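Breakdown of the fold
Each chain, letter by letter, is given below.
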Amino acid sequence: LAVTNRIAEVEASWPFRTPVEEEAAPGYFEEIKHPMDLSTIRIKLRKRDAPSGGYRTASEWLSDMRLILANALQYNRAQDLIYKLAVQIGGMIEKELERLPHLRSSFAFVPKPQEEEIRVRPILRARGWTLPPAINHSEVRAVKRQQRL
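Attention here is on the structure that accompanies the text.

Reading the values: rules and limits
- Residues numbered from 1 in each chain as written.
- Predicted model: local features only at pLDDT ≥ 70, side-chain atom pairs only at ≥ 80, totals over all residues.
- Heavy atoms only, no water.
- Helix = DSSP H or I, 4+ residues; strand = E, 2+ residues; numbered from the N terminus.
- Buried < 20%, exposed > 50% of the residue type's maximum accessible area, 1.4 Å probe, protein only.
- Contact = heavy atoms within 4.5 Å.
- Areas by Shrake-Rupley, 256 points an atom, 1.4 Å probe, with all protein chains shown as cover.
- Phe/Tyr/Trp six-rings, centres within 6.5 Å; stacked < 30°, edge-to-face > 60°.
- Salt bridge = Lys/Arg side-chain N within 4 Å of Asp/Glu carboxyl O.
- 1 Å grid on protein atoms, 1.4 Å probe; cavity = no way out; pocket = protein on both sides within 12 Å on 5 of 7 lines; lining within 4 Å.
- Points joined across faces, edges and corners; volume = space filled by probe spheres on them.
- Nonpolar A, V, L, I, M, F, W, Y, C, P; charged D, E, K, R; others polar.
- Core = buried A, V, L, I, M, F, W, Y, C linked by side-chain atoms within 4.5 Å.

1. Concerning the overall build of the protein
Counting its secondary structure elements, the protein contains nine helices and zero strands. A burial count over the protein gives 39% of its 149 residues as buried. In the protein, once contacts between residues fewer than 6 apart in sequence are set aside, the share between residues at least 24 apart is 63%. By element, 54% of the accessible surface of the protein is carried by carbon and sulfur atoms, the whole surface being about 9000 Å².

Right, dumping it as structure tokens:
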């Protein structure tokens, strides 16, 4: 919980503190099938056991932290502020894991990204994922509006 709270207190984490709302991000739930945010992670941390919806292992927590960032990288374009904040927060998470050896040992199976990957696409590369070409959501929304008319 302490690591999650430290990340949530950083100014750059503001877009990830609460669930995404459709009004703020049109089409988000069509594109992102597994939304995640810091408030949901905090709730799951407080439950402390799997039957009540909490985390069983530290790796489940890390997976959700990375899911927040992967969703932000998928929905936003590289030049968008939210995308840049996600990359910044991703680097902070990796630094927290390095700083806390007891946490790092819990994630032994998670490949650690190379320094250059942290700058480029930290979350996706760390998980071995690839990202589809950048989507211009403004164009997608315009096309959907035209289809509705």
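On we go from here.
2. Considering the packing of aromatic side chains
All chains considered together, the criterion is met by two aromatic pairs. Their ring planes at 65° and their centres at 5.2 Å tell us that Tyr28 and Tyr75 sit as a pair that is edge-to-face. Of this pair, Tyr28 sits in helix α2 (residues 28-31) while Tyr75 sits in helix α4 (residues 58-75), and the two are 47 residues apart along the sequence. Both residues of the pair, Tyr28 and Tyr75, belong to the buried class. Each member of the aromatic cluster is reached from another via a ring pair, and the members are Tyr28, Phe29 and Tyr75.

3. Some thoughts on the side chain of Ser13
Structurally, Ser13 is set in the loop between α1 (2-9) and α2. You can call Ser13 buried: its relative accessible area is 0%. In contact with Ser13, other than residues within four places in its own chain, are Ile7, Ala8, Leu38 and Ile89.

4. Comments concerning the pattern of salt bridges
Evaluated as defined, the whole model comprises six salt bridges. The closest approach of N and O atoms between Arg77 and Asp80, which form a salt bridge, is 3.6 Å. Arg77 sits in the partly exposed class, given a relative accessible area of 21%. Taken together, the salt bridges that share partners define one network made up of Arg6, Glu96 and Arg99.

5. Details of the layout of surface pockets
Here the largest pocket is characterised by a volume of approximately 330 Å³. As for the largest pocket, its lining consists of 18 residues, of which Pro15, Val20, Ala25, Tyr28 and Ile82 are closest to the centre. Broken down by class, the residue content of the lining of the largest pocket amounts to 13 nonpolar, three polar and two charged.

6. Comments concerning the nonpolar core
Counting 26 residues, the largest nonpolar core has Phe16, Ile41, Trp61, Met65, Ile68, Ile89 and Ile93 as its most contacted members. At the level of elements, α1, α3 (38-47), α4 and α5 (81-99) are the ones that each hand at least two residues to this core. Here this core gets eight residues from one element, more than from any other, and that element is α4. Once residues lying within four places of it in the same chain are set aside, the contact partners of Ile93 are Ile7, Leu62, Met65 and Leu69.

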